[in-house]
Amino acid sequence: MANYGNGPLRDPDSFYVQDCRQVQNNTHAIQTLTGQISRQVGMLESEKDFQNCRSMVDDAVRQATETRTILARIREHQQQAQNPSERNNRRMMYQKLSDNLAITARVLEDVVRRVQAEEARRQPGEFRRQLGGTSDADAAGGGEELVDTGAGLGMGWKQSRDHTDTFEEELENEKYKALRRVDEDMRCLQRIYTDL
């Protein structure tokens, strides 16, 4: 008998059963998060909405990665089976659980693609709104709103533009980091379903 931890001795089969239940619960939780993300995609309006959606995507991908690790343990449990019949049952259970996770990861990947598309579609307008409320027409016409800081001889205009450029660069960097994180999440999901 194995003793994992400080508690009483436990039968290795109980660890197998616990891992199977954990994979089932995690897969269900990922499916639930995927549904929530999918519903939220149609209602994304503010940067806070996008951040919340990204956070949910991160949670779902983290949970999928943890579930893949537990599935690896379930595969190892096959070797501990007492007879060929039990080994076959464990192999079929592993296949069922891994197929469910792979399907769930693919669906989550599709939803993440929708999030990315929505974010890319709205990104340019969002930047303009955050930078001072210029409309799409103003941006297309090249109009800029600059504030005279009172420095005289046009110096105030340059300072305002430099400050705006720095602010815009910081926003661009934050958006870039968020989009890279979503891209990394996508690659992680792809590894999950290709490894299984």
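Figured I'd write up the structure that's included with this text. Note that the structure is a prediction, hence the values are computed from the model and not measured.

**Observations regarding the packing of aromatic side chains**
- Here the structure, examined in full by the defined rule, presents 0 aromatic pairs.
- The residue whose ring lies beneath Arg 90 is Tyr 16, and the NZ or CZ to ring-centre distance is 4.2 Å.

**Quick word on the pattern of salt bridges**
- Counted by the stated rule, this structure contains 8 salt bridges.
- Close ionic contact of Arg 54 with Glu 119 constitutes a salt bridge, the shortest N to O distance being 2.2 Å. Separated by 65 residues along the polypeptide, Arg 54 in helix 2 (residues 47-79) and Glu 119 in helix 3 (residues 84-130) bring together distant segments of the chain. In terms of burial, Arg 54 and Glu 119 fall into one category: buried.
- Of the charged contacts in the structure, one is a salt bridge between Glu 86 and Arg 90, with a shortest N-O distance of 3.1 Å. In this pair, Glu 86 and Arg 90 both sit in helix 3, 4 residues apart, roughly one turn of the helix.

**A look at the packing of helix 1 (residues 12-41) against helix 2**
- At their nearest, the axes of helix 1 and helix 2 sit 9 Å apart, and the two run at 160° to each other. When the axes of helix 1 and helix 2 are compared, the pair comes out roughly antiparallel. When you trace helix 1 past helix 2, the crossing you get is left-handed.
- For the contact of helix 1 with helix 2, the class distribution of residues is 17 nonpolar, 9 polar and 4 charged.

**A closer look at the nonpolar core**
- Formed by 32 residues in total, the largest nonpolar core has its most connected members in Ile 37, Leu 71, Ile 74, Leu 108, Leu 189 and Ile 192.
- At 10 residues, the largest contribution of residues to this core is made by helix 2.

**A short note on the side chain of Gln 63**
- Tracing the backbone through its elements, the reader meets Gln 63 in helix 2.
- Beyond its immediate sequence surroundings of up to four residues, Gln 63 is in contact with Asn 26, Ala 29, Ile 30 and Leu 33.

Procedures and definitions
- Residues numbered from 1 in each chain as written.
- Predicted model: local features only at pLDDT ≥ 70, side-chain atom pairs only at ≥ 80, totals over all residues.
- Heavy atoms only, no water.
- Phe/Tyr/Trp six-rings, centres within 6.5 Å; stacked < 30°, edge-to-face > 60°.
- Lys NZ or Arg CZ within 6 Å of the ring centre and 35° of its normal.
- Salt bridge = Lys/Arg side-chain N within 4 Å of Asp/Glu carboxyl O.
- Helix = DSSP H or I, 4+ residues; strand = E, 2+ residues; numbered from the N terminus.
- Buried < 20%, exposed > 50% of the residue type's maximum accessible area, 1.4 Å probe, protein only.
- Axes fitted to C-alpha atoms, helices over the stretch in contact; angles between N-to-C directions.
- Parallel < 35°, antiparallel > 145°, perpendicular 65-115°, else oblique.
- Left-handed = near helix turned anticlockwise from the far one by under 90°.
- Nonpolar A, V, L, I, M, F, W, Y, C, P; charged D, E, K, R; others polar.
- Core = buried A, V, L, I, M, F, W, Y, C linked by side-chain atoms within 4.5 Å.
- Contact = heavy atoms within 4.5 Å.

Geometric values such as these leave the question of function open.
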